[in-house]
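# Structural features, examined
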Amino acid sequence: MLDEIIMIVGPDYVATDVETLYAYSMDTSPEKGHLAEMVVRPRTTEEVAEIVKAANQTKTPIWPRGAATSLVMMGVPLSPGGILLDLTRMNEILEIDEDSMSVTAEAGITWSKLESELNKRGWYTGFVGPGPGRSSTIGGAVSVASVMYGSAKYGSACDILLGLEVVIPTGEIIRTGSSALKRAFRHCRYGIGPDSSGIFCGDNGIFGIKTQVSFKLYPAPEVTRFIQYGYKNLDNLLGCLHEMASYRLASDLSFPLYGKVEGPTEKLVDAEVELLDKINEKHGGRKTNESFARMILDEQIYDFFPIAGRMGNFGASCNKLPIKRTKSFFDFFQNVLKEHAVGIQKHEVLPAWYAFISQNAIDVLPTFAIPVGNKEAYELQTTIVKIILNS
Ligand SMILES: Cc1cc2nc3c(=O)[nH]c(=O)nc-3n(C[C@H](O)[C@H](O)[C@H](O)COP(=O)(O)OP(=O)(O)OC[C@H]3O[C@@H](n4cnc5c(N)ncnc54)[C@H](O)[C@@H]3O)c2cc1C
């Protein structure tokens with residue numbers, strides 16, 4: 001098996017040493033995965049297909065992996081052995097088709113590389129990546145239906161998707177969306193025959209290995225404004241978020257209320273901000289200095305985690321909810337914290353609450369930062385995350 005894989009990708013791109021296997025047994029979650037039998041770094045779709053066919057002969061599991069920025073044990077072996085397939089060598093833009101307003105890139109490209117190349121040509125993808133967007137891959141984002149930067153207006157990575165190239169478990173290479181047809185462009189997902197992209201959206205790589213991704217393009221914004229409002233009452237705040245979200249004007253909207261509005265001209269963007277200000281007034285909020293919104297949304301960096309301190313270990317669960325249901329989830333979260341208040345204080349667990357809009361829904365992330373190496377704190381935050389996930 002090892003010899004066969006080395007024949008496919010070359011000896012430089014297969015590792016079996018324990019240091020490499022150990023490094024690849026982790027993502028950004030506090031949990032550790034298992035050691036794979038080997039780490040393999042293919043360069044082409046054909047190599048991926050050959051690896052899948054070879055693995056099938058011995059029923060060897062394959063663990064596909066992008067940048068491993070997942071917070072919840074993805075892209076790591078969940079049982080000992082198997083092939084850890086690192087897709088980050090497949091990181092080129094293949095086509096920016098301005099005519100069909102689409103971009104096709106290899107699945108292992110980072111959002112950072114994709115967006116900086118697109119921006120040079122005056123385009124962007126609207127949704128421009130999840131939290132660690134600079135380093136995570138577009139294949140990973142489609143595989144977990146990632147949301148965040150640009151999601152209030154453009155939705156998730158799967159909402160800007162036009163089609164995929166996928167190596168399915170038999171080792172065959174298929175295309176989805178309009179490019180499933182040999183002579184069609186990659187310009188639409190539906191309407192030129194059935195589309196099978198959906199089965200690979202949020203599949204965590206179970207149904208196949210994405211090798212190419214085509215996304216919609218929008219003109220890169222010329223003007224950006226940040227908005228921020230203060231609320232004393234949660235019902236009012238959620239009413240305001242709900243109404244603002246319904247218009248799909250702001251590219252980003254987060255809880256408690258701040259966001260970003262972007263577009264082609266000052267006049268258009270100012271008019272949109274004016275409407276959002278009016279919605280805010282109607283719900284009784286106070287317009288405030290937008291410094292926090294700017295910090296989070298301008299540079300797209302998670303600066304506030306180091307500010308929050310001690311990010312030794314970090315547990316989080318993503319919960320997508322209808323916007324107005326946030327209150328009952330918030331109350332539930334507060335009750336769970338109350339029940340564990342003694343342990344939280346004793347072990348210096350730092351709970352926080354983070355939520356942002358993805359079109360008609362809200363993505364709620366209760367998070368827990370704990371001191372480095374504190375086993376009790378780690379166990380406590382794992383218990384609380386499990387209670388939330390099972391609720
Ligand atoms: C600080 C921080 C903040 C975060 N914020 C957000 C956020 O705001 N929104 C959000 O959605 N996520 C967030 N995440 C989680 C994570 O960054 C995203 O889920 C990201 O899209 C994962 O991409 P990745 O390339 O790292 O994929 P990985 O973590 O490597 O993989 C994720 C899953 O996709 C599969 N996979 C990866 N590539 C492929 C492929 N080419 N073909 C088939 N399967 C594949 C893997 O097997 C795995 O199951 C955050 C993480 C951190 C550390």
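## Quick notes on the overall build of the protein chain
Tallying secondary structure elements over the protein chain gives 13 helices and 19 strands in all. A compact globule built from 391 residues should have a C-alpha radius of gyration of about 21 Å, and the protein chain, at 22 Å, falls within 12% of that. By its C-alpha atoms, the protein chain is 65 × 55 × 35 Å across when sized along the principal axes. Evaluated residue by residue, the protein chain yields a buried proportion of 52% over its 391 residues. Intrachain contacts of the protein chain at a sequence separation of at least 6 include 68% that bridge at least 24 residues. Carbon together with sulfur atoms contributes 55% to the accessible area of the protein chain, which is approximately 18100 Å² in total.

## With respect to the environment of R121
The topology assignment puts R121 in the loop between α4 (111-120) and β7 (123-124). A relative accessible area of 43% means that R121 is categorised as partly exposed. C-alpha separation for the pair R121 and G263, spaced 142 residues apart in sequence, amounts to 16 Å. In contact with R121, not counting residues within four places along its chain, are I96 and E98.

## Observations concerning the nonpolar core
Residues L241, L253, F255, L276 and I362 are the most contacted members of the largest nonpolar core, which totals 43 residues. Looking at which element gives the most residues to this core, the answer is helix α7 (residues 234-247), with seven residues. Membership of the second largest hydrophobic core comes to 40 residues, among which are L118, W123, Y149 and V166.

## What about the sheet that holds strand β5 (residues 93-97)?
Ordered in space as β5-β6-β10-β8-β9, the five strands form an open sheet in which the pairing is antiparallel. In this open sheet, the two strands that pair with only one neighbour each are β5 and β9 (173-175). Averaged over all pairs of adjacent strands, the angle between their axes in this sheet comes to 10°, without regard to strand direction. Here strand β8 (residues 161-167) pairs with strand β10 (residues 209-216) via six bridges, running antiparallel. Bridge assignment links L164 to a residue of β10, and that residue is V213.

## Here's the deal with the packing of aromatic side chains
Under the counting rule described, the total for this entry stands at twelve aromatic pairs. Judged by centre distance (5.4 Å) and plane angle (20°), the ring pair of W111 and F215 falls under stacked. Residue W111 is found in helix α4, and its partner F215 is found in strand β10; the two are separated by 104 residues along the sequence. For the residue pair W111 and F215, the accessibility class agrees, reading buried in each case. When the centroid spacing of 5.3 Å and the interplanar angle of 40° are considered together, the rings of F333 and W353 count as tilted. Taken together, the residues F333 in helix α11 (residues 326-339) and W353 in strand β18 (residues 350-358) connect sequence positions 20 residues apart. Given the relative accessible area of 2%, F333 is considered buried. For W353, a relative accessible area of 15% gives the class buried. One aromatic cluster is present, formed by F255, F329, F330, F332, F333, W353 and F368 through successive ring pairs.

## Quick notes on the pattern of salt bridges
For the structure shown, the criterion picks out 19 salt bridges. A salt bridge links R121 to E98; the shortest N-O distance between them is 3.2 Å. Separated by 23 residues along the polypeptide, R121 in the loop between α4 and β7 and E98 in the loop between β5 and β6 (102-106) bring together distant segments of the chain. Accessibility expressed as a relative area gives 36% for E98, which makes it partly exposed. For E117, the salt bridge identified is with K120, shortest N-O distance 2.9 Å. Of this pair, E117 and K120 both sit in helix α4, three residues apart, which is roughly one turn of the helix. The exposure class assigned to E117 is partly exposed, which follows from its relative accessible area of 31%. With relative accessibility at 64%, the residue K120 sits in the exposed group.

## Looking at the sheet that holds strand β2 (residues 38-40)
The four strands are arranged β1-β2-β4-β3 in an open sheet whose pairing can be described as mixed. Of all strands in the sheet, those bounded by a partner on one side alone are β1 (14-15) and β3 (62-65). Inspection of the sheet shows β2 paired to strand β4 (residues 83-86) by three bridges, in the parallel sense. Looking at β4, one finds that V40 is bridged to L85. Lying over the sheet, helix α3 (residues 45-57) contacts β2, β3 and β4, oriented at roughly 170° with respect to β4.

What counts and what doesn't
Residues numbered from 1 in each chain as written. Predicted model: local features only at pLDDT ≥ 70, side-chain atom pairs only at ≥ 80, totals over all residues. Heavy atoms only, no water. Helix = DSSP H or I, 4+ residues; strand = E, 2+ residues; numbered from the N terminus. Rg over C-alpha atoms; globule rule 2.2 N^0.38 Å. Buried < 20%, exposed > 50% of the residue type's maximum accessible area, 1.4 Å probe, protein only. Contact = heavy atoms within 4.5 Å. Areas by Shrake-Rupley, 256 points an atom, 1.4 Å probe, with all protein chains shown as cover. Core = buried A, V, L, I, M, F, W, Y, C linked by side-chain atoms within 4.5 Å. Pairing = 2+ DSSP bridges. Axes fitted to C-alpha atoms, helices over the stretch in contact; angles between N-to-C directions. Phe/Tyr/Trp six-rings, centres within 6.5 Å; stacked < 30°, edge-to-face > 60°. Salt bridge = Lys/Arg side-chain N within 4 Å of Asp/Glu carboxyl O.

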